[in-house]
Amino acid sequence: MSELVRRDPRKEWIARNRLHPQHLEILAEIGGNAVSTEWMGPNGLMRRNLHAVGFMGPNGIRRIDRSGASHAAHTNARSSQSQDARRSVSISDPAFMIAVVPDMAGGRLSPHDRDLLGMARQLADANPDQPGAVLAIVFGEHKESAFDEAGVDRLLSLEGEQFDGYTPENRIAALQGVDRDVSPRHWLLPDSNQGGGELGRRLSVRLGERAATQVWQVEADSDSATGWRCTTRGAAGSTDVVRALPRVVIALAECADPVSETRHAAEIIELSQELPNVLGRIEDIGEVAVDPASVSLAEAEFILSAGNGVKDWDNYHHAAEVLGATKGASRVAVDDGHMPRDRQVGATGTWVSARVYVAVGISGAIQHLQGIQTCEKVVAINLDEGCDMVKRADLAVIGDANAILAALVKRVEQYRAEQEENRDAA
Amino acid sequence: MPLNAESPGASGLNVAVLVSIGRHPLTARTRRADQDARAVEMALSLKGASVNLMHAGQHDSDNEEAIRGYLGMGVEEIRLLEQMPQADVVPVLTDALRASAPQLVLTGTRAETGEGSGILPYLLAEALGWPVINGLAAVEKVEKGVATVLQALPRGKRRRLRVRLPAIATVDASAPAARQSAFGPARRGELDVQPHASEADPSLSQWQIQPARKRPKRLKIVKSSSARDRFKAAAAKSDGGGGQTLTDVTPEQGAEAIFKLLREEGVLR
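No experiment lies behind these values; they were computed from the predicted model shown. (Residues numbered from 1 in each chain as written. Chains lettered and ligands numbered in written order. Predicted model: local features only at pLDDT ≥ 70, side-chain atom pairs only at ≥ 80, totals over all residues.)

A. Looking closely at the packing of helix 1 (residues 9-16) of chain A against helix 2 (residues 23-30) of chain A. All names here are of chain A. Contact pair helix 1 / helix 2: the axes reach a minimum separation of 8 Å and the direction vectors enclose 120°. Here helix 1 lies oblique to helix 2, going by the angle between them. Every pair of crossing elements has a handedness; the one defined by helix 1 and helix 2 is left-handed. When helix 1 is examined against helix 2, the residues Lys11, Ile14 and Ala15 are found in contact with a partner set consisting of His23, Ile26, Leu27 and Ile30. For the contact of helix 1 with helix 2, the residue count by class is five nonpolar, one polar and one charged. (Axes fitted to C-alpha atoms, helices over the stretch in contact; angles between N-to-C directions. Helix = DSSP H or I, 4+ residues; strand = E, 2+ residues; numbered from the N terminus. Parallel < 35°, antiparallel > 145°, perpendicular 65-115°, else oblique. Left-handed = near helix turned anticlockwise from the far one by under 90°. Contact = placed C-beta atoms within 7 Å. Nonpolar A, V, L, I, M, F, W, Y, C, P; charged D, E, K, R; others polar.)

So, in structure tokens, the structure goes:
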């Protein structure tokens, strides 16, 4: 349908004239044949007929439902569409650049990265007459599709086998090349243990800048040389240092609010010069297989957690081994003696932050749900469709836990065998 | 942790450990810094290596007590490169390391006093032209000037690296815990005080340093045009939302769906 609003002046005139014999019919027609209480007036304003609002109650008194329940039903497609469209911003000729190197843990922007991009926007948009552009530099392949919503104007994706694995020397050489090419006003990196904190410190040393680390607040300050001052944590978090914002900023999580109101161009750019080749003195041999059972629950990435619904415990332990998951348990399973106390998940046990949390036969007591608050993906296997864990879960499978676990083990073993075959063939 | 639990063949390896003054988080008394003590522990657990400890800073009674904490771990001597308060210690440490030429330099990730930015190892590495690695969890072996080490990653994972020596490595909380400091050896150990010319840190005086403020807690902001939605979001208990529920499926179909999610998240190895 076309976006143009077609207006009929005669009908609008009738709609305004309550004494016209066709008034009610026209009103109904303009109001989308559903309710005749709202229509668009001659100046584009929404007009309301308050006489037609509400309904007659049982005592002959007019009642108006203000809960919105009846209103929500008839919001037309046009208005709801315009509601979630964010203001789109494209900066064609930026006055300066703010470079951000997100962690991209797991190939996606982490909440920490989004906060950092929010801070970059704060720095870039301070002067609306001369807006700066936010440049995100991403190493290797990524799975992120929402760079525009996170506030990225320019995206530089550096791919190549020299960035695979742990290659800080190559990455720093590449960032140095970007610095020469683009010369951003500020470099922002996350102060995380996912690699951002280390990369930022290396970069600041290479660029000869004295970085501000553990920055948690940035404010405009006309007295300082850069126009901004920052507050950083010093001395193991026991002091705050207020200083002028330097060129390299290594910021903590929640340093600024993430971008939510605008959508940016996320235009892909290329470097004008080739990246230098570096002779690396650090060689990455690869990750070491760590026994998942020895990983502490709070640190574990993938947890298979068992509750009261698990009846066949041998099957569960076998499944955890095959999947390579760390074992967890609900309070009931621990109290019944099926699992040791240090494996208990929840407010009364360990607060976990796994990427994937599989809850087998756990109904989801509030203490347990508190303990898994920060888990990214929750999978529930449960018999009861209405339990709280199923409501929390990103994927819930209703059925017998034992049978589903057995089927999952079979599927994973099949996958492993396929992989083995591929490896032999290669 | 038993003494010398790991014994990689590191005979003849010259290891320098840079130690700093720690600060107890509750009482604020000076003590040996936790991460630096772990670095000393790691150096001492390298069998056959000669370990030299180094500290650059002020020499007064409080600091001496803290530094003697490291001597109590079984080290005979510490070199104390005496500096003015608030001096920049990078030049003096660079000179000292260049002169003593160790093959491996260990230190904590960041200091417990002062700026505590954790940049010092990187500055030293840049000045000396040595590689630097962070988050050292264990030294597996050292042979022919190449060390094979384990680096600690988040989520309890480890990565094996091969690094050409001489190198600088930082140690954080994932390294083995430090042994206790004994009183007698701490008294008997020698403190080799060497006065050095110190360079003042000019920018430090321009900063405002104050006790840490509590960080404001982030509020959950609901962006919605209708007051009803905002009220609902503020008042109602969140119930997940967006979750997919599979009912009336065979165990195989359910397992397939879970398997797909596990593959997508990349947790199956």
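So, next bit.
B. Quick peek at the domain arrangement of chain A. Segmentation of chain A into domains returns domain 1 (9-84), domain 2 (91-268) and domain 3 (293-421). One C-alpha centre belongs to domain 1 of chain A, the other to domain 2 of chain A, and the line joining them spans 50 Å. (Domains from an automatic or database assignment.)

C. Spatial organisation of the environment of isoleucine 285 of chain A. Counting through the fold element by element, isoleucine 285 of chain A comes out in strand 16 (residues 282-288). The spatial distance from the C-alpha of isoleucine 285 of chain A to the C-alpha of aspartate 240 of chain A is 39 Å, given a sequence separation of 45 residues. Sequence-distant contacts of isoleucine 285 of chain A, defined by excluding residues within four places in its chain, comprise Arg160, Leu161 and Arg162 of chain B.

D. Structural context of the interface of chain A and chain B. At the interface, 68 residues of chain A touch 65 residues of chain B. It is strand 16 of chain A that provides the largest number of residues to the side of chain A that touches chain B, a total of seven residues. Residue composition of the side of chain A that touches chain B, grouped by class: 29 nonpolar, 16 polar and 23 charged. Pairing of strand 21 (residues 395-398) of chain A with strand 16 (residues 244-246) of chain B, which is carried by three bridges, proceeds in the parallel orientation. Residue pairing across strands places alanine 396 of chain A opposite threonine 245 of chain B, the latter belonging to strand 16 of chain B. (Pairing = 2+ DSSP bridges.)

E. Examining the UniProt feature "domain: Electron transfer flavoprotein alpha/beta-subunit N-terminal" (unreviewed entry) in chain A more closely. In the numbering adopted here, UniProt assigns the feature "domain: Electron transfer flavoprotein alpha/beta-subunit N-terminal" (unreviewed entry) to residues 98-283 of chain A. Secondary structure content for residues 98-283 of chain A is 24% helix and 28% strand, and the end C-alpha separation is 31 Å. (UniProt positions renumbered as here; feature names shortened; annotations may be inferred.)

F. Molecular detail of the packing of helix 8 (residues 196-207) of chain A against helix 4 (residues 120-128) of chain B. Across the interface, helix 8 of chain A lies against helix 4 of chain B with an axial gap of 9 Å and an inter-helix angle of 45°. As far as their axial angle goes, helix 4 of chain B and helix 8 of chain A are oblique. Every pair of crossing elements has a handedness; the one defined by helix 8 of chain A and helix 4 of chain B is right-handed. Residues Arg201, Arg202, Val205 and Arg206 of chain A of helix 8 of chain A form the contact with helix 4 of chain B, whose own contacting residues are Tyr122, Leu123 and Glu126 of chain B. Of the residues assigned to the contact of helix 8 of chain A with helix 4 of chain B, the class counts are three nonpolar, no polar and four charged.

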